[in-house]
Amino acid sequence: MSKLVSLIVAAASGVAMAVQGTANSQLSQKTNLWEATFLVHFLGTIIVSVIMLFLGVGSFRFEKWLSVPWYLYIGAVLSVLIVYLVAMSIPKVGVCNATTAIIIGQVTAAVIIDQLGLFGAQKCAWSVSKFLGIALFAAGAKLLIR
């Protein structure tokens, strides 16, 4: 996949995240935060299971899963935390402000992960232009958050 296509896919995931956060927030208003978090993950598990079975991709071999380093499963914990916190924050600050804060957190974490090569990620050297980009990004975020 080319770099441009990868960036378009990443941008599409950002759109999906904003829509998901809004929908999860509304779901939590109709149920409650914990029920919404449960429902999102329960339905997601069913959907992924059907996709895996239908497409014949992946496996349900537990011994394979047990061979993975334990710390790589932190995504499951973070997924629950993300759904819960996004659904909690959007009604209080709005979709734009919440999404801007989310992106600031993501970029900050990404800089640290790239710089240190955490979780097995390839280390990426940071240049003056990248730090300038982050500064401009932060200024733009300040303009968005009211």
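Refer to the preceding data block for the structure.
A brief report on the enclosed structure follows.

Definitions and limits used
- Residues numbered from 1 in each chain as written.
- Predicted model: local features only at pLDDT ≥ 70, side-chain atom pairs only at ≥ 80, totals over all residues.
- Heavy atoms only, no water.
- Buried < 20%, exposed > 50% of the residue type's maximum accessible area, 1.4 Å probe, protein only.
- Phe/Tyr/Trp six-rings, centres within 6.5 Å; stacked < 30°, edge-to-face > 60°.
- Helix = DSSP H or I, 4+ residues; strand = E, 2+ residues; numbered from the N terminus.
- Contact = heavy atoms within 4.5 Å.

As for unusual backbone geometry
- With phi around 55 degrees, F119 is a residue other than glycine that occupies positive phi space.
- You can call F119 exposed: its relative accessible area is 52%.

Things to note about the packing of aromatic side chains
- Counting across every chain of the model gives five aromatic pairs.
- Ring centres 5.5 Å apart and planes at 15 degrees place the aromatic pair F38 and F42 in the stacked group. Taken together, the positions of F38 and F42, both in helix α2 (residues 33-55) and four residues apart, correspond to about one turn of that helix.
- You can call F38 exposed: its relative accessible area is 52%.

Comments concerning the side chain of T37
- Take T37: it is sitting in helix α2.
- If near-sequence neighbours (up to four positions away) are discounted, T37 is found in contact with V80, V83 and Y84.

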